Amino acid sequence: MFVLQNAWSAMRHHRWRTLGLTLLAALVAGGMMVGLSITSAAHTAQTTEYNALQPIVSIRLDRTSVMKKAGASKASDVDWSKHQLTLSKFLQYAQTASEQTQIQFTTAFYSETATLDAIQDAKLPQGSTTLTLTGFSEQAALDNAINGPFTLVQGKFPGFDTDSAGKVMVPQALAQANHWKVSDKISIIAKSGAQPTEVTISGIYQNKQSVDGDATGLDPQTAIYSSRYELAQLGIKMQDPDATTNYLDISVGVPTPEDVAKIDKAMKKAGLSNDFTLVSPTLDKYNASIAPLVQRADIARIALPALIGIAALLLLITLALTWKDANEEIGMLMLLGRSRLAIAWQFFMQIMPSVVVGWIIGALACGFTTGHIAQALGITHAVTPSLSIIGTVVWSGILALVVTLVFAWIRTLMVTKTAVLGSRLEVEHE
């Protein structure tokens, strides 16, 4: 009881020290809870969750590299038909790569793009010179569009079944240049000398990001989207597997992320030109989604040790200042028969409540709000403290208390009964 009363009296007497230790403990505990949760979530996202992905891989021509090799200043200076990947060649490379790597493709889909001759009475947006029509085989192909993701401004995509023939989705820039709206009818001239074919605008879209038409091969201002059935209706769908008149964007699914590099290497070995690259929109999108998490985790790995180190230094300085003039008190207690450990415990109890209360407040407050704190830091990935992180924070708090007790015990070893008696005798002699 005496120890508790003495501790309470010391805490009330040194209110600023008590408040400071409480805030310091809360800051460290909260910082550990958030920091460890972020680094743990980043590690899981980059390992377990990443390895569980089944990536979509697209075989795409590196048009920028081709233009550089050809010394072309613009895309129109290159005869792209000489660089197209035909369906027969793709099947050859894919089969060979699958046999060599023993990797089975989980899915396959494509889009086919044809250059249109014109749209009757239509104007092209400023800077555009060509019209293209891309037919998608299924929803996955549309999600994997070479010009990237888009937003529907009006209407909807035509669909992927036979009913989609006769319907198209046009880019907003082309619609605005001609004052088109959903349900308007336009007449497409698929190729030179062909009769106009009337189609209905089912939707208007806008790309979510800036698109370099020279790099993708599709001018984002004039790239019209529909299904593969629309290409067939217009008579411009390729029938010959060796044809190069249209651009094929073929994608396959592989079981794991590490299979992407294996398939790339095997296809190149089978004869695929180095002008083609295997890109994975799945992995690109995933890595972009966790980028803020990874960046904050990198910061946390530096900031957290710094926070703990500074807090430990401040704690030791506080203890040193608190017990700086405690020689006489320690000596007197020893003369009264108290053991050094009992004295150390008494001094420890003057500090312990502040640390424990602050640690609990910080851990609980940040433990329940870690997700909200992560969102405030720009992290969209889920971040929650696991049981192991909670355990680490609890044991770290206990370790801090043990260190404080040891420091208090060391402080008692710095005082002897003889030194205290000698000091008192000198004072009385004077």
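Details of the structure are given in the entry above.
What comes next is a walk through the structure. (Residues numbered from 1 in each chain as written. Predicted model: local features only at pLDDT ≥ 70, side-chain atom pairs only at ≥ 80, totals over all residues. Heavy atoms only, no water.)

A short note on the nonpolar core
Here is a general trend for soluble globular proteins: nonpolar side chains tend to be buried in one another's company.
Consideration 1: Grouped together as the largest cluster of nonpolar side chains are 71 residues, with contacts concentrated most on Ile59, Phe90, Met267, Leu272, Leu293 and Val393.
Consideration 2: Listed in part, the 20 residues of the second largest apolar core include Leu133, Leu174, Trp180 and Ala190. (Core = buried A, V, L, I, M, F, W, Y, C linked by side-chain atoms within 4.5 Å. Buried < 20%, exposed > 50% of the residue type's maximum accessible area, 1.4 Å probe, protein only.)

Some points on the packing of aromatic side chains
Consideration 1: Applying the stated criterion across every chain yields a total of seven aromatic pairs.
Consideration 2: Measuring from centroid to centroid gives 6.2 Å for phenylalanine 136 and phenylalanine 157, while their planes differ by 70 degrees, and the two rings are edge-to-face. On the criterion of sequence distance, the pair formed by phenylalanine 136 in strand β4 (residues 131-136) and phenylalanine 157 in the loop between β5 (150-155) and β6 (167-171) is long-range, its members being 21 residues apart.
Consideration 3: Given the relative accessible area of 1%, phenylalanine 136 is considered buried.
Consideration 4: On the basis of relative accessible area, phenylalanine 157 is assigned to the buried category, the value being 12%.
Consideration 5: Geometrically, the ring pair formed by phenylalanine 157 and phenylalanine 160 is tilted, given 5.0 Å between the ring centres and 35 degrees between the ring planes.
Consideration 6: Overall, phenylalanine 160 belongs to the partly exposed group, its relative accessible area being 21%.
Consideration 7: The rings of Phe136, Phe150, Phe157, Phe160, Tyr205 and Tyr225 are connected pair by pair, giving a single aromatic cluster.
Consideration 8: Above the plane of the ring of tryptophan 80 lies arginine 63, whose end atom (NZ or CZ) is 3.8 Å from the centre. (Phe/Tyr/Trp six-rings, centres within 6.5 Å; stacked < 30°, edge-to-face > 60°. Helix = DSSP H or I, 4+ residues; strand = E, 2+ residues; numbered from the N terminus. Lys NZ or Arg CZ within 6 Å of the ring centre and 35° of its normal.)

Focus: the pairing of strand β8 (residues 197-207)
Consideration 1: Relative to β8, β5 runs antiparallel, the two being bridged by five bridges. Paired with glutamine 154 across the bridge in β8 is isoleucine 204.
Consideration 2: Sheet analysis places β6 next to β8, joined by five bridges and oriented parallel. Paired with valine 170 across the two strands is isoleucine 204, which belongs to β8.
Consideration 3: The pairing of strand β7 (residues 185-189) with β8 spans four bridges and is classified as antiparallel. Note on β8: the bridge partner recorded for isoleucine 186 is valine 199. (Pairing = 2+ DSSP bridges.)

Considerations on unusual backbone geometry
Consideration 1: You will see that aspartate 121, though not glycine, has its phi angle at about 60 degrees, which is positive.
Consideration 2: Tracing the backbone shows aspartate 121 in the loop between β3 (118-119) and β4.
Consideration 3: The class for aspartate 121 is exposed, based on a relative accessible area of 77%.
Consideration 4: Its identity as a non-glycine residue notwithstanding, histidine 179 has a phi of 60 degrees, on the positive side.
Consideration 5: Under the relative-accessibility criterion, histidine 179 is labelled exposed at 70%.

Describing the environment of arginine 411
Consideration 1: With respect to the helices, strands and loops of the structure, arginine 411 is situated in helix α14 (residues 387-413).
Consideration 2: Considering only alpha carbons, one finds arginine 411 and alanine 344, 67 residues apart in sequence, at a separation of 7.7 Å.

Description of the packing of helix α13 (residues 340-376) against α14
Consideration 1: For the pair α13 and α14, the least separation of the axes is 8 Å and the interaxial angle reads 155 degrees. In this view, α13 runs roughly antiparallel relative to α14, as classed from their interaxial angle. Between α13 and α14 the crossing geometry is right-handed. (Axes fitted to C-alpha atoms, helices over the stretch in contact; angles between N-to-C directions. Parallel < 35°, antiparallel > 145°, perpendicular 65-115°, else oblique. Left-handed = near helix turned anticlockwise from the far one by under 90°.)

Just distances and angles here, no functional claims.
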